[in-house]
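An overview of the molecular structure
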Amino acid sequence: VPRPGKRGSGPAAGINVVAVFGAGLMGSGIAQVAAQAGYTVNLADVSDKAVQNGMKIIARSVARVAKKVAPGQEDEYVKTVLGNLRPTTDPSVAVGNAEIVIESIVENIELKQNLMAALDKHAKPDSIFATNTSALLVKEVSEKCPAARKARFGGLHFFNPVPVMRLVEVIRSDTMEDAAYDRLFEFGESLGKVAVKCKDTPGFIVNRILAAYNREATMVVERGDASFEDVDKAMELGAGYPMGPFKLFDYVGLDTCNLIGMSWAIRAAQGLVPESMVDPPSNMIPELVEEGHFGRKTGRGFYDYS
Ligand code: CAA
Ligand code: NAD
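Residues numbered from 1 in each chain as written. Chains lettered and ligands numbered in written order. Predicted model: local features only at pLDDT ≥ 70, side-chain atom pairs only at ≥ 80, totals over all residues. Heavy atoms only, no water.

**Some points on the pattern of salt bridges**
Between side chains of opposite charge, a pair can form when the charged atoms approach closely. Tallied over the full model, the rule gives 11 salt bridges. A salt bridge links Asp-230 to Lys-233; its shortest N-O distance comes to 3.7 Å. Separated by 3 residues within a single helix, Asp-230 and Lys-233 lie in helix H10 (residues 228-239), roughly one turn from each other. For the salt bridge of Lys-297 with Asp-255, the shortest nitrogen-to-oxygen distance reads 3.0 Å. Taken together, the residues span a long stretch of sequence, with Lys-297 in the segment after helix H13 (284-290) and Asp-255 in helix H12 (residues 254-269) at a distance of 42 residues. (Salt bridge = Lys/Arg side-chain N within 4 Å of Asp/Glu carboxyl O. Helix = DSSP H or I, 4+ residues; strand = E, 2+ residues; numbered from the N terminus.)

**Re the domain arrangement of the chain**
Along its sequence, the chain is organised into domain 1 (17-199) and domain 2 (206-298). Between the C-alpha centres of domain 1 and domain 2 the distance comes to 26 Å. Residue-level contacts link 14 residues of domain 1 with 9 residues of domain 2. One can count 1 salt bridge joining domain 1 with domain 2. Residues Glu-140 and Arg-267 are paired through a salt bridge, measuring 2.8 Å at the closest nitrogen-oxygen approach. Across the domain 1-domain 2 interface, the total number found is 4 residue pairs in polar contact (both at pLDDT 80 or more). Looking at the side of domain 1 that touches domain 2, its residues break down into 8 nonpolar, 3 polar and 3 charged. (Domains from an automatic or database assignment. Contact = heavy atoms within 4.5 Å. Polar contact = N/O pair within 3.5 Å; in protein donor to acceptor, adjacent residues only side chain to side chain. Nonpolar A, V, L, I, M, F, W, Y, C, P; charged D, E, K, R; others polar.)

**Looking at the site of ligand 1**
Taken together, 18 residues surround ligand 1, and among them Ser-61, Ser-134, His-157, Asn-160 and Asn-207 come closest. At a separation of 2.8 Å, an oxygen atom of ligand 1 approaches a polar side-chain atom of His-157. Asn-160 is positioned such that a nitrogen or oxygen atom in its backbone is 2.7 Å from a nitrogen atom of ligand 1. A total of 1,000 Å² of accessible area belongs to ligand 1 in isolation, and the protein chains cover 65% of it. Elements with a contribution of two residues or more to the shell around ligand 1: helix H2 (48-69) and helix H11 (245-252). For the shell around ligand 1, the per-class residue count stands at 11 nonpolar, 5 polar and 2 charged. Counting residues domain by domain, the shell around ligand 1 receives three or more from each of domain 1 (17-199) and domain 2 (206-298). (Near = heavy atom within 4 Å. Areas by Shrake-Rupley, 256 points an atom, 1.4 Å probe, with all protein chains shown as cover.)

Below, the structure written as C-alpha cells:
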C-alpha cells in the first residue's frame, strides 16, 4: 500500500514507535501522518471519549487521503493506517516503547510541563521528546524534565490540517544535542513534510509572522474600517490566502487562539516581542470564547456552522 509523502517516505532509522499525547484537532492529525508513514503510533488522551474522538477524526481524514494516494485500494489503505494506531488512556503504556514522544495537548504551560516531567519517568532514556506548541517556548515546556531529557527535547510544530499542510517547523532549543536535533529533523521529513529549522523563539517562523497579520486584521474591524466578512473576502480574493483571517481563527479554534494571544502578552511583558503586538488589546476573540463559541469545533465562532 503506497505511503503519501514527497519521496514516498517511510520510517526514519531507528524509529519504530511514536507516542502522541492529545487526540484533539492537532494530535489526531500528527498521529495520522505518522501512521501513514508506517510508524506504530500510541495515541493518548485523558479519557476514552477524547481518544475515540481523535480516532473518528482520523478515520474520516484517512478516507479522504486514501482516495488520492491509493485509488482502487482505498479500503486496504485505510485498514493499514488505522491498524498502525494504538489508542490508549494510559500514559506509561503510550511512552514505554516509543522512540519519539510528541505532546499536542491544550496550550497551557503548566499542563504541558507536568505531563512531560511525568512521561520522562516512563520513557526510554534515549527517546526524543517534542512539543507541538503554537507559541510557548520549547525550553519552558521542557523545564521540569531532567538535563538528560532536555538534551533530547525539541519542537515539532505542525499546521492545521496536518494531513494536508506540507510544512513542519523543527525547533532547536538551547539545551538540545545536535544528534537528537538531526534525528528529529529526519523524523519530520519521514512524515512526508518539508521541514524547516528554527531557533526557540516566540511563535517560531509561521506564527510569529501570522501574529502581526492577525492583529492587524482584528484592528481593521475594531476601528470600524471593514466588517470581518469583508476582511476575509479581501484577503482571499485580493491576496490569495486560502482562508481569510477570521475563517482561519475559527478553523484553528478560538479557545486555542485565545491561549496563543495570552502568550503574546507575556512575551511582550518580557520584552521578547514589541508591545505594539498586544497594545491596545483586541477583545474580539476573548469575548467569543467567554460566550462559549470556539469556532468550528463548537459550531459557532465568527461564523455560524450549524
Ligand atoms: N484530511 C484530509 N484531507 C483534507 C482535509 C483533512 N482534514 N481537509 C482538506 N483535505 C483535502 C481535501 O480532500 C481536498 O483534496 P482534493 O483537492 O484533492 O479533493 C483538499 O484538501 C482541499 O479541501 P477542500 O476542498 O475541503 O477545501 P479547501 O480547498 O478550502 O482547502 C484547506 C481546505 C486545506 C484547509 C485550505 O482552506 C487551507 O489551506 N486553509 C488555510 C489553512 C492554514 O493556514 N493553516 C495553518 C493555520 S496556523 C497553524 O496551524 C499553526 C498554529 O500553531 C495555530
Ligand atoms: P484541542 O483542544 O483540539 O485538543 C487538545 C487535546 O489535549 C484534548 O483532546 C484534550 O483532552 C487533550 N489533553 C489535555 N490534557 C491532556 C493530558 N494531560 N494528556 C493527554 N491529553 C490531554 O487542541 P489542538 O488544537 O489540537 O491543540 C493542541 C496543541 O497544538 C496546542 O498546544 C496548540 O497550540 C497546538 N497547535 C494548534 C494548532 C491549531 O490550528 N489548532 C496548530 C498548531 C499547533
